[in-house]
Amino acid sequence: MQKVQSATQEAQQAKSILQTQSLTKRFGKLTAVDNLSISIDSGEMFGLVGPNGAGKTTVIKMLTTLLPPTAGNASIAGFDIVHHAQQVRKIIGYVPQFLSADGALTGYENLLIFAKLYDIPRSERKSRINQALEFMGLSNVSGKLVRDYSGGMIRRLEIAQSMLHRPRVLFLDEPTIGLDPVARKTVWKHMQQLRSEYGTTILLTTHYMDEADELCDRVAIMHLGKVAAIGTPAELKASVGEGVTLDDVFAYYSGYEIEAGGGYREASRTRRIMRRVG
Amino acid sequence: MQVSRFNDYVGAVTNFVGKTLTIAELEARKLHHDYTDLLTRAVQPALWLLIYGEVMSSIKAIPTGNLSYMDFVAPGILAQSVLFIAIFYGIAIIWERDLGIVHKMLASPTPRSALVLGKALSASERGLSQAAIVYLLALAVGIHLNGNPMALVLVIIVVILGGALFSTFSLIVACLVKTRERFMGIGQILTMPLFFASSAIYPIAMMPSWLQAASRVNPLTYEVDALRTLMIVGGPSAYGLTYDFAALLLATAIMVAIAAKLYPRVVR
C-alpha cells in the first residue's frame, strides 16, 4: 500500500510543472493569500476564480516573481520563485490584467522589443514575430499603431508577446475582462490553440464562470485568500448539487457574498480598463 | 576557470548594454511615431531665452564677466529644459505601472539596472531634442556658439548624462510615492530648488553663502558649468571639464544603483 502511494506520488511529480507550498502573502494585517498549496500539471489549463479581492492577482504576482511571498514557497519547472527568480522569468510568459501593449508603437514593434528582451536570436526574430502575429490573427494589422486596435486585438497581441519565447507556463490575469462576447470567444479560441499546438501550461484568473467552465481542466475557487474548492468544473458542480451551473458553485463557495468583494479601487480600475478597451 | 569567469563577465556586460539599448530603442520608436510632444516642449526654452533672457540682458543687472548675459544664460536654459523633462519622467513610470507595462518588463529576464538605465536614456533622447531647439534659438538671436565638432559631441554627452541623472532621480521618487497626484506635488517642489541652487541663470558668486554651499552638491551646477564651457565661444569653466564629467558620472551611477533596487517595488 505504502509503495503504491509513493509510486503515484512520483508520477504526480513528474507531471507537475508548478507547485506552491503554503504560499502566503500578508500586507500589514491583511492576509491576501493564505497558505496556498496547489500543484498544476504540465499542459494543464488551470483557472483561479473568485470574487474581486480573493487574492488571485496576488498569487499571479508572486508566481511571476513580482512580489516576494511572506511565507511558504513555490517552484516552476523545478526553479524556486524566490531563489531562482531569473531562471523562472526565462520560462514563463505573463499577460497582466490591464491592457499593457504599448499604444504608441505598432503591433510588430511591440513584439520586436519583447523578442529582444527575451534573447530571441537575431536570425530567428523576424520569423518568430511573424509566426506569432499569424497565430493570433494579427498579420494584417501588424504595421498599425496599437492605439487604433480594438480591445480584443490588443489582448491577442499581448498573448502573442508573451508566447514569443515559447514559455513553459503562461500566466493570464483576467484575459477577457472588458471584452465584448465576440472578442472573448476569439481570445478563448486562441488560448486553446496555443495549448494544443505548443503544449503550454496556462494558469488564468477570471471571475467569469462561463470562461472557467469552457476553458479550464481544473478550477480552484478562491475566497479570502484561501482555496475554498478545487476540481474539474464537472466535479465542482457535482459537489454542490444536481443541475447547477458554475455560477452557483461560485456563489456557494464564496459564501453568497460576491457583492462584498472589491470596493472602490477595484471598481474604478475595472472601469478604467473597460474604457480603454472601448 | 579564469577564462570562463571572464567570459561570464563579458556576457553579463553585453547583456546589460543590449537590454539597456532595447529599452531606449522603445522610446525612440515612440518619438518617431509621434513627435508633437517634442514640439510643445520647445515653447518653454523659447520663452526663457527670448523673453527672460532678453529682458535680463537689457537691464544688465547680473554681472557675467566677459560674456554677454545672453551667452551666459543659453547653456543654463538648455540645462533647465533638460531638467524639466527629466524630473517629470517618473510620472511616465507611474503611468506605465498603471497600464501594466512595468509588470511585464519586470516579469521578463531583463536586468533591473538595464530597465532603469534604458528608461534614463529615454529621457535623454527627449533632452537631445531640447538641445537642438536651444541651438536653433541661440543661432537665431546671435549667441556666440562654439561650432567645434568635439565640443558639440561633448555637449551631446552632457545632455545625455543630465537627462539620465535627473530622470533616474525622478524614477526613485516615483518608486517611493507611487501615485501620480503625490508625484506632481513633489516634482514641483524638487524642480525649482535644483534650478535656483545652480548657476543656470546667475553666477554662483552672486548667491548667499548657504546657497553657494548647496550649489556645490547640486549636480545641475556641474551640468551647467560643462555646458557653458563647451557651448559658448570663450565660455568660462568654474570647476574644469574633468571635474564636471566626474561629478555627473558619479551622480548618475549612484542614482541608477538606487533606482535598480527600488524599481521592482513600484508594482508591489
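Scroll up to find the structure.
Residues numbered from 1 in each chain as written. Chains lettered and ligands numbered in written order. Predicted model: local features only at pLDDT ≥ 70, side-chain atom pairs only at ≥ 80, totals over all residues.

Engineer: An account of the overall build of chain B is needed here, citing residue identities and associated values.
Structural biologist: Counting secondary structure elements, chain B contains 12 helices and zero strands. If you list the helices and strands of chain B from N to C, you get α-α-α-α-α-α-α-α-α-α-α-α. The globule rule puts the C-alpha radius of gyration for 268 residues at 18 Å, and the 19 Å found for chain B is close to it. For chain B, the C-alpha atoms occupy an extent of roughly 60 × 45 × 40 Å along the three principal directions. The buried share of chain B, taken over its 268 residues, is 44%. A separation of at least 24 residues holds for 82% of the contacts in chain B among residues at least 6 apart in sequence. (Helix = DSSP H or I, 4+ residues; strand = E, 2+ residues; numbered from the N terminus. Rg over C-alpha atoms; globule rule 2.2 N^0.38 Å. Buried ≥ 20, exposed ≤ 12 C-beta atoms within 10 Å, placed from the backbone. Contact = placed C-beta atoms within 7 Å.)

Engineer: Any chance you could break down the interface of chain A and chain B for me, citing the residues and the numbers?
Structural biologist: Counting residues at the interface gives 22 residues for chain A and 19 residues for chain B. Its residues placed into classes, the side of chain A that touches chain B shows 12 nonpolar, five polar and five charged. (Nonpolar A, V, L, I, M, F, W, Y, C, P; charged D, E, K, R; others polar.)

Engineer: Mind laying out the sheet that holds strand β9 (residues 201-206) of chain A, listing which residues take part and the relevant values?
Structural biologist: Residues and elements named next belong to chain A. Pairing is mixed in the open sheet, where six strands are placed in the order β7-β8-β9-β4-β10-β11. The open sheet has two free edges, formed respectively by β7 (92-95) and β11 (226-231), since each of these has just one partner strand. Across the sheet, the axes of successive neighbouring strands diverge by a mean angle of 15°, strand direction being ignored. One ladder, built from four bridges, connects strand β4 (residues 45-49) with strand β10 (residues 218-223); its direction is parallel. Residue pairing in the sheet places F46 in a bridge with R218 of β10. On the sheet, helix α2 (residues 56-63) packs against β4, β8 (169-173), β9 and β10 and is oriented at approximately 145° with respect to β8. Strand contacts of helix α6 (residues 151-163): β7 and β8, with the helix running at about 160° to β7, the strand carrying the most contacts. (Pairing = 2+ DSSP bridges. Axes fitted to C-alpha atoms, helices over the stretch in contact; angles between N-to-C directions.)

Engineer: Residue-level account of the packing of helix α4 (residues 107-117) of chain A against α6 of chain A, with values.
Structural biologist: All names here are of chain A. At a minimum axis distance of 9 Å, the contact between α4 and α6 shows a crossing angle of 25°. In terms of their interaxial angle, α4 and α6 are classed as roughly parallel. Seen along the crossing, α4 lies across α6 with a hand that is right-handed. Mapping the contact onto sequence places G107, N110, L111 and F114 in α4 and L157, A160 and Q161 in α6. Considering only residue class, the contact of α4 with α6 consists of four nonpolar, three polar and no charged. (Parallel < 35°, antiparallel > 145°, perpendicular 65-115°, else oblique. Left-handed = near helix turned anticlockwise from the far one by under 90°.)

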